[in-house]
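So the chains spell out like this:
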Amino acid sequence: GKTMVKPPDQLDLSEAELKEEFTRILTANNPHAPQNIVRYSFKERSYKQISSVDQLAIHFVLEGNLLHKDSDEARRQRARDGIPEDGAEDAGDTEEGAGEERPDSLEISLGKKERKLTNQFNFSERASQTMNNPMRERECQTEPPPRGKFSATANQWEIYDAYVEERRKQEKVKEKQKVLSSKKEEDKGKKKLQLVENQSDDITKVAKVAKIIERMVTQNTFDDIAQDFKYFEDASDEFRDQEGTLLPLWKFQHDKAKRLSVTALCWNQKYKDLFAVGLGSYEFTRQGQGMLLFYSLKNATFPEYIFSTMSGVMCLDIHKQLSYLVAVGFYDGCVAIYNLKEQGPQPVYRSTARSGKHTDPVWQVKWQKDDTDNNHNFFSVSSDGRVVSWTLVKVLGGTLRLSLDLYLKPFLSCGTSLDFHKQIDYLFLVGTEEGKIHKCSKSYSSQFLETYVAHNMAVDAVKWNHFHPKVFMSCSSDWTVKIWDHTIKSPVFTFDLNAAVGDVAWSPYSATVFAAVTTDGKVHVFDLHINKYEAICQQAVVAKKTKLTHIEFNPAYPIIIVGDDRGYVTSLKLSPNLRKKPKEKKGQELPKGPEVEVAKMEKLLSLLREPETVPQD
Amino acid sequence: MLEETLKRIQAHKGVIGTIVVNAEGIPIRTTLDSSTTVQYAGLLHQLTMKARSTVRDIDPQNDLTFLRIRSKKHEIMVAPDKEYLLIVIQNPSE
């Protein structure tokens, strides 16, 4: 507020007094100057007041010490110091300074005017400090580029790899140039896919390596078996006269196959440790699903490939050259081809009711050589009395289809086994349920070349000899194994094995060695060269009450695999006595090759033939 | 398929542990405890690189398939791949 506030100690004046005017005058008089200075005047002998008083007020006095250079005092000073009256004043200044600081300087003592000597030892700096700008820090930090550690070695193989990579790139460029532009887009699409795969931390790439590890681990566990397989030779064979033994090696079993019987076995010709097992059931009442398994000797614990099938597998065959193609015959009469290179669980081709499948179980399939159009083909035999040839034909779309070349046979009986001659392509044998064996030719589809009354029961297997072109063998549930010369109507050898014979197989290394399996769980090995009447080995290889169903010799190693009706496959090693090569006389070279085998067999046969037949080789 | 294989390997008789190591030496999968895994992975990775280098130096067209180290107590098996390394420790005599 603008109200006036009266301080408490203000002088109280009356109204009139307040209005009184006071005059203030600005004068040049010194207020401090006395106004009544009195001086004694001797003239009048009294004190008299001075008329004017000095009004000067001095506020500030400073006495300087500058002298004019021409004044007396200045001259006197200069003389005292000994400097010329005129001259460089700068030098004079420095000299003066020097003189003042160092009284023992020569100049001063002499007092003469001498030439100035530059002082090397004693000089004074004239420095002046300029105004220093205050320092200020200015920082800027960029984001550091991402770093990665890189280390590499320059090796022979690094260089090699680089060259290989370069070469591959060049080839790709060449390929691209050949392909049309529309297809180039496809390639790009594929490339994108590949890129994505490479970037992700894809653990599925370890699959191949995991397989190797599994084999190594298995090898460790079954180390003794692996060693036996490779190196063990039964030394006691020397003492055993002519007999031999079978050493059990790995046993292959799969959980899901426990209730099934082994219905087919086949070795792969290219990878001699890989074999196929077909699983199904021989019982009419117990038909269900089947399986196709591939095992490798390198890993006995788990199959390499597993295929489940709707119907039981009854037979299979692996193509001799293209060992990834497997032909399979089923209980329901279908045939199918599996391609092991493909990923899927389904067969690549399958016969259907339309394409003319069999109406009864297929008992045997066999691959044949490619026909004139380079199509793959195979034969199958079935209980419905037909022997059928299937061909993979290229249909107009480029896809392949199983097509049927029907082979009509006028016989009423049901075929149970089939085998083609090893050297003569068109010649084959069919065994029937009634025990007859028919020799047929591909070119004569309506007639048999020959019929042999072989057995009393169904012929379970017929097999041509690997070496001798005339010899084949058959086995049956009537407990017998018979060996034939196809030019002779009656068997050359007959063996009674005391139990139904499931399968026979010739050995791939000798024309006179063969093996048979029976339902009492025994394997019988014969060598006709050594003993014409008895087996040189009879051994039970499975538990009691297990029937053995199939047997196969390995093409390279001295082992056999045996399948039984519990789904197990047992591998056995043949002891040296079972693998005997004929001893040659000293000094003669040991002849090798199939001719020797043929000669061996021929020798045996000739003993049994009538005297007027062909002379010995 | 791979999972089953690895499970089978782990369940196999005598197998103590399985480790999958990537190209940089970092374990991506293991059945052992962390410190042991890291130790095995680091050491075996270096050894495998050295072994592979040796094999390829002698013949660049060749490559290492697997490496086995058998010691008194157990056996270490290493199978290298282009990008991965699979290590299995097994006690073979069990």
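Structure first, text after, so check above.
First things first, this report covers the structure right here in the doc. Worth saying up front: this structure is predicted, and the values here are computed from it rather than measured. (Residues numbered from 1 in each chain as written. Chains lettered and ligands numbered in written order. Predicted model: local features only at pLDDT ≥ 70, side-chain atom pairs only at ≥ 80, totals over all residues. Heavy atoms only, no water.)

1. Examining the interface of chain A and chain B
Applicable threshold: Working rule for contacts: check all heavy atoms of both residues, and any pair within 4.5 Å makes them a contact. Here the quantity called buried area is the accessible surface, traced with a 1.4 Å probe, that two parts lose on coming together, added over both. Throughout this description, the term salt bridge denotes a Lys or Arg side-chain nitrogen within 4 Å of a carboxyl oxygen of Asp or Glu. In protein, a polar contact means a hydrogen-donor-capable atom and an acceptor-capable atom, both N or O and within 3.5 Å, with residues adjacent in sequence counting only if both atoms are side-chain atoms; elsewhere, any N or O pair within 3.5 Å suffices. Elements are defined by DSSP. Helices are runs of H or I of four residues or more, strands are runs of E of two residues or more, and each kind is numbered from the N terminus. Note on residue categories: nonpolar means Ala, Val, Leu, Ile, Met, Phe, Trp, Tyr, Cys or Pro, charged means Asp, Glu, Lys or Arg, and polar means any other residue, Gly included.
Opposite the 26 residues of chain A that make contact, chain B presents 35 residues. In total, about 2,800 Å² of surface goes out of reach between chain A and chain B, with carbon and sulfur atoms giving 65% of it. Joining chain A to chain B, the criterion identifies two salt bridges. Glu214 of chain A is the salt-bridge partner of Arg8 of chain B, the closest N and O atoms lying 2.8 Å from each other. Summed over the shared surface of chain A and chain B, the result is ten residue pairs in polar contact (both at pLDDT 80 or more). Among the elements of the structure, helix H5 (156–178) and helix H7 (207–221) of chain A are those that each provide at least two residues to the side of chain A that touches chain B. For the side of chain A that touches chain B, the element with the most residues is H7 of chain A, which contributes 13 residues. Of the residues assigned to the side of chain A that touches chain B, the class counts are twelve nonpolar, eight polar and six charged.

2. Points about the sheet that holds strand S5 (residues 274–280) of chain A
All names here are of chain A. Counted only if it meets this: We call two strands paired when DSSP finds no fewer than two bridges between them. Fitted lines through C-alpha atoms give the axes, limited to the stretch in contact for helices. The angle between two N-to-C directions lies from 0 to 180 degrees.
The four strands are arranged S4-S5-S6-S7 in an open sheet whose pairing can be described as antiparallel. Strands at the two margins of the open sheet, each flanked by one partner only, are strand S4 (261–267) and strand S7 (305–309). Averaged over all adjacent pairs, the angle separating strand axes in this sheet is 15 degrees, with direction ignored. Here six bridges tie S4 to S5, and the two strands are oriented antiparallel to one another.

3. A closer look at the pattern of salt bridges
Our working definition: Only protein chains enter the accessibility calculation, which uses a 1.4 Å probe. A residue is then buried if its area is under 20% of the maximum for its type, exposed if over 50%, and partly exposed in between.
What the rule picks out here adds up to 16 salt bridges over all chains. Measuring nitrogen to oxygen at the nearest pair gives 2.0 Å for the salt bridge that ties Lys48 of chain A to Glu44 of chain A. For Lys48 of chain A, a relative accessible area of 38% corresponds to the partly exposed category. For Glu44 of chain A, a relative accessible area of 39% translates into the label partly exposed. Of the charged contacts in the structure, one is a salt bridge between Arg29 of chain B and Glu3 of chain B, with a shortest N-O distance of 2.7 Å. Of this pair, Arg29 of chain B sits in strand S2 (residues 27–30) while Glu3 of chain B sits in helix H1 (residues 2–11), and the two are 26 residues apart along the sequence. The partly exposed category is assigned to Glu3 of chain B, whose relative accessible area is 36%. Shared partners join several salt bridges into a network, and the residues in it are Lys211, Arg215 and Glu304 of chain A.

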